[in-house]
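Letter by letter, the chains look like this.
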Amino acid sequence: MPDDAGNHPPRHQDDLAPRLAVVITVLVLVGYFAVAVTYVVDGNRSGRSVDAAMLGLALLPMTVLLCLQMLHSFPGLAPRLSGARRWTLALQTVLTFAPFAIFKHAWLGMPGFLAGSSLLVLVPALAWPAFAAILLCTDVLLFQVGFGWGQVAYTTVSTALTGLVVFGLSRLSGLVAEVYRSRAELARLAVAQERLRFSRDVHDLLGYSLSTITLKCELVHRLVPRQNSRAQQELSEILQTSRQALADVRAVASGYRKMSLSAEAATARSMLAAAGISATAEIDCGPLPELMDTVLASVLREGLTNVLRHSKADHCAVEARRSGHRVSLTLVNDGVGRPSTILRADSSDGGSGIGNLRVRVENLGGRLRAGVRSDGRFELRAELDVSVDAPPRSGREYGPGPTVTA
């Protein structure tokens with residue numbers, strides 16, 4: 001995952017654990033085969049060691065068995081053979097039991113690998129019966145070469161443990177690799193989610209402020225030749241709005257921002273008055289949890305931006321009420337069907353503001369609706385359930401706001 005500077009960690013660091021798991025598994029498999037070779041070197045039970053020709057004859061099928069075991073333990077080594085794994089298992093079965101006719105008990109180190117491969121290759125319904133059948137066949141062969149009950153029992157346990165170790169280590173190395181692949185995918189998803197959050201916050205926080213700056217700049221352009229005192233007032237408000245926009249940028253960059261519904265309502269009153277739109281605002285929802293207050297303030301910002309950009313409204317009404325644990329925010333205007341003469345709608349704007357807000361409201365368990373009512377007015381309505389466990393901000397920031405008319 002990238003660090004704060006956007007740099008990615010070295011790839012070899014991410015692959016260290018999977019590679020270590022593979023190395024450990026390979027070393028264990030090679031070690032078990034080396035022990036099997038010592039059985040052949042020891043020769044028969046009388047203590048007579050085998051000659052070089054017999055040892056060379058044994059090493060040939062052992063090498064093939066080791067390669068087959070690697071294919072079964074690490075399917076990624078030969079992906080093209082993945083469809084022929086049952087055939088390779090059959091070949092391993094032949095090379096495991098046929099040499100008993102020549103090497104007898106010196107070959108008793110091989111069935112454990114076959115038992116482990118059966119668990120790796122076959123489906124569970126067949127794997128465990130095959131595992132038991134391999135142990136049974138090994139016992140029969142050991143009785144035929146003269147082993148007693150005690151030796152057979154010891155060899156049976158050893159064969160079973162070898163098979164389980166081979167199976168467990170092989171699966172473990174695969175699971176480690178899968179976990180690291182999943183972790184990398186989760187990291188990519190987290191980065192994508194953070195980028196999406198950042199883009200939504202930039203739109204929600206800056207769209208309103210920049211629209212207000214544009215509006216007031218146009219008003220100043222119209223007023224300067226006629227009303228110098230009014231122009232000075234508008235310039236002061238432009239400066240205040242630009243400072244707020246800068247603070248919003250810093251808040252988004254830090255990943256944490258707080259907004260107040262009552263403060264946004266007061267700002268909306270000033271902005272609508274400057275635009276010549278008659279407005280009423282009634283904020284009577286009391287103290288709200290911080291996250292909910294921020295989301296509702298964002299809804300109000302986006303709604304007012306759309307009023308200025310996409311309609312020519314004469315009147316706009318903002319109302320926020322609380323009924324029990326239910327809080328609703330409603331923004332209604334009468335500018336449907338009339339293009340704005342205040343802000344020019346950007347044709348490249350894909351209209352992502354309402355969609356972004358809908359996602360944020362739904363993430364809090366609420367719902368957001370926008371559309372034309374039966375009386376021809378456009379309504380934006382957000383409804384949320386106040387969580388009794390969420391700590392509200394201090395009441396001084398919110399208290400029940402008075403009804404204001406602009």
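- In the nomenclature of an unreviewed UniProt entry, the chain corresponds to Signal transduction histidine kinase-likeprotein from the organism Streptomyces iranensis.

### Details of the nonpolar core
- Grouped together as the largest cluster of nonpolar side chains are 36 residues, with contacts concentrated most on Leu 261, Leu 296, Val 299, Leu 300, Leu 304, Leu 329 and Leu 368.
- Only α8 (149-223), α10 (261-274), β1 (278-284), α11 (290-310), β2 (315-323), β3 (326-333), α12 (352-363) and β5 (378-385) provide two or more residues apiece to this core.
- A total of seven residues in this core trace back to one element, the largest contributor, which is α11.
- In this structure, Met 62, Phe 100, Ala 127 and Ile 134 belong to the second largest nonpolar core, which totals 34 residues.

### Regarding the UniProt feature "transmembrane region" (unreviewed entry) in the chain
- Within the UniProt annotation, "transmembrane region" (unreviewed entry) is assigned to residues 20-41, 53-75, 87-107, 119-146 and 152-173.
- Along residues 20-41 the backbone is 100% helical and 0% strand, and the end-to-end C-alpha distance reaches 31 Å.

### Considering empty space enclosed by the protein
- According to the stated counting rule, one finds two cavities of 30 Å³ or more in the structure shown.
- The space that makes up the largest cavity amounts to roughly 70 Å³.
- Along its surface, the largest cavity is lined by Leu 71, His 72, Pro 75, Ala 78, Leu 81, Ser 82, Arg 85 and Thr 88.
- Sorting the residues of the lining of the largest cavity by element identifies α3 (52-73) and α4 (85-97) as the ones contributing at least two each.
- Split into classes, the residues belonging to the lining of the largest cavity amount to four nonpolar, three polar and one charged.

What counts, and at which threshold
- Residues numbered from 1 in each chain as written.
- Predicted model: local features only at pLDDT ≥ 70, side-chain atom pairs only at ≥ 80, totals over all residues.
- Heavy atoms only, no water.
- Core = buried A, V, L, I, M, F, W, Y, C linked by side-chain atoms within 4.5 Å.
- Buried < 20%, exposed > 50% of the residue type's maximum accessible area, 1.4 Å probe, protein only.
- Helix = DSSP H or I, 4+ residues; strand = E, 2+ residues; numbered from the N terminus.
- UniProt positions renumbered as here; feature names shortened; annotations may be inferred.
- 1 Å grid on protein atoms, 1.4 Å probe; cavity = no way out; pocket = protein on both sides within 12 Å on 5 of 7 lines; lining within 4 Å.
- Points joined across faces, edges and corners; volume = space filled by probe spheres on them.
- Nonpolar A, V, L, I, M, F, W, Y, C, P; charged D, E, K, R; others polar.

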